[in-house]
Amino acid sequence: AKRRRLGGGGSSFAPFPMPRDCPFGVIVECGGAWGEFRALEGLVHCMCAGCEFGVAYGLQPTNVFGVQAFEFHGGKGSAGKWKASIRAHPDGFPDEY
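All values derive from a computational prediction rather than experimental measurement.

Engineer: What exactly am I supposed to notice about the overall build of the chain here?
Structural biologist: In terms of regular secondary structure, the chain is built from 3 helices and 5 strands. Along its sequence from the N terminus, the chain presents helices and strands in the succession β-β-β-α-β-α-α-β. Evaluated residue by residue, the chain yields a buried proportion of 24% over its 97 residues. The contacts in the chain between residues at least 6 apart in sequence include a share of 39% that link residues at least 24 apart. Total accessible area on the chain stands at roughly 7500 Å², and carbon and sulfur atoms take up 55% of it.

Here it is as structure tokens:
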């Protein structure tokens, strides 16, 4: 019997349904690197000085990372547990930032 993929196998994108009160992005931190996790994308937009400089001067193409790549970027990649390494700050940047 031939198996068929759900959704017809096309390239249509169906985003995960988000609750109305869910924020667009959440400030996150990992090993001193700060960024914004955007829930609909599942990606972290890094705001560290190195990324901002690298993108501004064309040294790197983007400052957008997957969660595992952001964990490595923050220097915590050896842990291999991004859920424990990346800390969320739902109320925004802390005062000591």
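Engineer: What is the right way to look at a nonpolar patch on the surface in this model?
Structural biologist: Nonpolar side chains collect at one region of the surface, where Phe53, Tyr57 and Leu59 lie side by side and expose about 390 Å² of accessible area between them. Here tyrosine 57 shows up in the loop between helix H1 (49–56) and strand S4 (64–65).

Engineer: How should I be thinking about the environment of valine 44 in this particular structure?
Structural biologist: Mapped onto the elements of the fold, valine 44 is located in strand S3 (residues 43–46). Judged by relative accessible area, valine 44 falls into the buried class, the value being 1%. If we skip the residues at most four places from it in the chain, valine 44 touches Val28, Gly35, Glu36, Phe37, Asn63, Val64, Phe65, Val67 and Phe70.

Engineer: Quick question: what am I supposed to make of the side chain of histidine 45 here?
Structural biologist: Counting through the fold element by element, histidine 45 comes out in strand S3. For histidine 45, a relative accessible area of 14% puts it in the buried group. Within the structure, histidine 45 has its side chain in polar contact with the side chain of glutamate 41 (distance 2.7 Å). Setting aside residues up to four positions removed in sequence, histidine 45 forms contacts with Gly35, Glu36, Arg38, Asn63 and Val64.

Engineer: Would you mind showing me how to read the pattern of salt bridges here?
Structural biologist: Should their charged atoms come close, side chains of opposite charge can pair. Summed over the entire model, instances satisfying the criterion amount to 2 salt bridges. The partner of glutamate 36 in a salt bridge is arginine 38, and the shortest N-O contact between them spans 3.1 Å.

Engineer: Can you help me understand the nonpolar core in this one?
Structural biologist: Within soluble globular proteins, side chains that are nonpolar generally end up buried alongside one another. Counting residues in each nonpolar core, the largest one holds 11 residues, listed as Val28, Cys30, Ala33, Val44, Cys46, Cys48, Cys51, Phe65, Val67, Phe70 and Ile86. Among the elements of the structure, strand S1 (25–30), S3 and helix H2 (67–73) are those that each provide at least two residues to this core. Setting aside its immediate chain neighbours within four residues, isoleucine 86 contacts Val28, Glu29, Cys30, Val67, Phe70 and Glu71.

Cut-off values and rules
- Residues numbered from 1 in each chain as written.
- Predicted model: local features only at pLDDT ≥ 70, side-chain atom pairs only at ≥ 80, totals over all residues.
- Heavy atoms only, no water.
- Helix = DSSP H or I, 4+ residues; strand = E, 2+ residues; numbered from the N terminus.
- Buried < 20%, exposed > 50% of the residue type's maximum accessible area, 1.4 Å probe, protein only.
- Contact = heavy atoms within 4.5 Å.
- Areas by Shrake-Rupley, 256 points an atom, 1.4 Å probe, with all protein chains shown as cover.
- Patch = residues over 30% accessible without salt bridge, like charges linked within 9 Å, V, L, I, M, F, W, Y side chains within 5 Å.
- Salt bridge = Lys/Arg side-chain N within 4 Å of Asp/Glu carboxyl O.
- Polar contact = N/O pair within 3.5 Å; in protein donor to acceptor, adjacent residues only side chain to side chain.
- Core = buried A, V, L, I, M, F, W, Y, C linked by side-chain atoms within 4.5 Å.

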